[in-house]
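# Commentary on secondary and tertiary structure
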Amino acid sequence: MNGAATVVRHARRNMTRLVTVLVPVTGMVAVAICGLIVFGLVTVQAGALPVIVGVIAAVVPVSIVTAALLWVDRWEPEPAKYLLLTFLWGACVATLLALLVNDTAKSVGDYLLGFEGGSRIATVISAPLVEEAIKAVPLVAVLLHRRSEFNGVVDGIVYAGFSAAGFAFTENVYYFASAFNEAGFGGGMSSGVLAAFTLRGVMSPFAHPLFSVVIGIGVALTVQKRYYGAARFTLPVAAYVGAVCLHALWNAAATFGGARTFLNVYFLIMAPLFIGVGLIVVWQRRREQRIVAGALPAMARRGWIAPSEIELLSDLAARRQWRRQARRESGAEAARAVGDYQAAVTELAFLRRRGVTTDGDRARHDGLLAEARQARADAVSLAGSG
């Protein structure tokens, strides 16, 4: 009997290892294959040199967007591996799926409506519907399978933004390469890479992220306790519809409306919306700061943190200075330990804010508390040996 039980345990252990190793590896291989196919198709259509020019030009706007998203995510940083996978999904998988669906819609439209009818359907209807849905997949996946990493609106903005930034990067490579093929770098504002870069890299680097962030906000609101019942379903759906409408309006204005219509849409609708989202981001960052600062005194009373650390943990600048001092006095490992301690305390503050009501919550609470204590002990030990 014991032998049979041992065999079963070994089988379960092997199956668990198979799942934890094989599934991520298979996923990464699939993402890599999608990326190779996408860039292969772009290279076949545009040529190697235009693609190189397109990649170089596309790096600028994507760097600006990702830097802004990382700034937003400073209080409770999301795991780097999740952000990377989210970006790669947008850049590789989402673009390939959107390309296949949009090309199919274009072909069907051309067949039913005549030449150019398919392009209008793909641009105004198919692209917004399909692209916004596909870009939102990582956001929903994190919410469903890594619920502990999803603490509110900022997280929804960051995950949606990273997926859209990846999508926009690949799309920009294609548009910049095509512009280079048609008119080189260009001599004015009507054609060439410079014109495309001005439109997509200077005027609208946040266009795709802006549409997706609407969905991110809607999905993130469902984790807040004041929304329950039908609202947990209607909020994400309404956000998706809103993102699709904005995307369709943007595409229609850019493709069919002419310069005056596009500028009206840009300045009267998109720019105010972007400013509104920016204000939401600032408000939510301050809310996160208040959540952490409000939880620290109780943690100090329980002996989880030192009372002298309350001010150091309540301010981002103070946290950064703490890490710098640890690095300067005790080395990189000490600074990393201090950063781990700060992150664990922040996660603990958010968890206590939501409420520790289930066995899973209690297990995570105990785990975060253990992480915080271990990181603090490591930092103190490294400081003593430094």
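Residues numbered from 1 in each chain as written. Predicted model: local features only at pLDDT ≥ 70, side-chain atom pairs only at ≥ 80, totals over all residues. Heavy atoms only, no water.

Turning our eyes to something else, we now look at the packing of helix α3 (residues 80-113) against helix α6 (residues 153-183). With their axes 7 Å apart at the nearest point, α3 and α6 run at an angle of 45° to one another. Judged by the inter-axis angle, α3 sits oblique to α6. In the crossing of α3 with α6, the sense of the turn from one axis to the other is right-handed. Contact residues: Tyr 82, Leu 83, Thr 86, Phe 87, Trp 89, Gly 90, Ala 91, Ala 94, Thr 95 and Ala 98 in α3; Val 158, Tyr 159, Phe 162, Ser 163, Ala 165, Gly 166, Phe 167, Phe 169 and Thr 170 in α6. For the contact of α3 with α6, the residue count by class is 13 nonpolar, six polar and no charged. (Axes fitted to C-alpha atoms, helices over the stretch in contact; angles between N-to-C directions. Helix = DSSP H or I, 4+ residues; strand = E, 2+ residues; numbered from the N terminus. Parallel < 35°, antiparallel > 145°, perpendicular 65-115°, else oblique. Left-handed = near helix turned anticlockwise from the far one by under 90°. Contact = heavy atoms within 4.5 Å. Nonpolar A, V, L, I, M, F, W, Y, C, P; charged D, E, K, R; others polar.)

Moving on: the environment of Gly 218. Within the element layout of this structure, Gly 218 appears in helix α8 (residues 207-221). Given the relative accessible area of 5%, Gly 218 is considered buried. Between the C-alpha atom of Gly 218 and that of Ala 239, which follows or precedes it by 21 residues, the distance is 5.2 Å. The residues touching Gly 218, leaving out its near neighbours within four places in the chain, are Leu 235, Pro 236 and Ala 239. (Buried < 20%, exposed > 50% of the residue type's maximum accessible area, 1.4 Å probe, protein only.)

This next bit is on the nonpolar core. One finds Phe 87, Leu 139, Phe 150, Ile 157 and Tyr 159 to be the most contacted residues of the largest nonpolar core, which totals 49 residues. Secondary structure elements with two or more residues in this core: α1 (2-46), α2 (48-72), α3, α5 (137-145), α6, α8 and α10 (258-301). Here the element with the most residues in this core is α6; it accounts for 13 residues. For Phe 87, the contacting residues outside a window of four places in its chain are Val 62, Thr 66, Phe 162, Ala 165, Gly 166 and Phe 169. Among the nonpolar cores identified, the runner-up in size contains 29 residues, and Ala 295, Tyr 341, Ala 349 and Phe 350 belong to it. (Core = buried A, V, L, I, M, F, W, Y, C linked by side-chain atoms within 4.5 Å.)

For the rest of this paragraph, the subject is α8. Taking 1.5 Å per residue, 15 residues should reach 21 Å; α8 reaches 22 Å between its end C-alpha atoms and fits that length. The element α8 is extensively covered by neighbouring structure, given that 14 of its 15 residues are classed as buried. (Expected span 1.5 Å × (residues − 1).)

A word on the UniProt feature "transmembrane region" (unreviewed entry) in the protein. In this numbering, the UniProt entry assigns the feature "transmembrane region" (unreviewed entry) to residues 21-42, 48-70, 82-101, 121-144, 156-177, 197-221, 233-253 and 265-283. Annotated as 100% helix and 0% strand, the span residues 48-70 places its first and last C-alpha atoms 32 Å apart. Strand forms 0% of residues 233-253 and helix 100%; the C-alpha atoms that close the span are 31 Å apart. (UniProt positions renumbered as here; feature names shortened; annotations may be inferred.)

Relative to the 45 Å expected for 31 residues at 1.5 Å per residue, α6 spans 43 Å between its end C-alpha atoms, a close match to the ideal helical length. By the criterion of burial, α6 is predominantly enclosed, with 26 of the 31 residues buried. Positive phi shows up at Gly 184, right after α6, with a value of about 65°.

Under the counting rule described, the total for this entry stands at six salt bridges. Between Glu 309 and Arg 376 there is a salt bridge whose closest N-O contact spans 2.8 Å. Placement of Glu 309 in the loop between α10 and α11 (310-313) and of Arg 376 in helix α14 (residues 359-385) is noted, with a sequence separation of 67 residues between them. On the basis of relative accessibility, which here comes to 6%, the residue Glu 309 falls in the buried class. (Salt bridge = Lys/Arg side-chain N within 4 Å of Asp/Glu carboxyl O.)

This model, assessed by the stated rule, comprises 11 aromatic pairs. On the basis of an interplanar angle of 85° and a centroid distance of 4.9 Å, the ring pair of Tyr 266 and Phe 267 is categorised as edge-to-face. Accessibility expressed as a relative area gives 16% for Tyr 266, which makes it buried. (Phe/Tyr/Trp six-rings, centres within 6.5 Å; stacked < 30°, edge-to-face > 60°.)

Attention now moves to the side chain of Thr 95. Inspection of the secondary structure puts Thr 95 in helix α3. Here the side chain of Thr 95 touches Ala 91 through a polar contact of 2.7 Å, landing on its backbone oxygen. Sequence-distant contacts of Thr 95, that is, excluding residues within four places in its chain, are made with Val 38, Gly 90, Phe 167 and Thr 170. (Polar contact = N/O pair within 3.5 Å; in protein donor to acceptor, adjacent residues only side chain to side chain.)

Inspection of the secondary structure assignment puts Phe 167 in helix α6. Accessibility expressed as a relative area gives 3% for Phe 167, which makes it buried. Every residue in contact with Phe 167, bar those within four places of it in the chain, is listed here: Gly 90, Ala 91, Ala 94, Thr 95, Ala 98, Glu 131, Lys 135 and His 208.

With that settled, consider the confidence of the model for the protein. Averaged over all residues, the pLDDT of the protein equals 86, while 90% of them reach at least 70. Low pLDDT, under 50, characterises residues 5-11; the predicted model gives this stretch zero contacts beyond four residues in sequence or across chains. (pLDDT = per-residue confidence, 0-100.)

What follows concerns the side chain of Asn 102. The topology assignment puts Asn 102 in helix α3. Judged by relative accessible area, which is 11%, Asn 102 ranks as buried. Of note is the side chain of Asn 102, whose polar atom sits 2.6 Å from the side chain of Ser 126.

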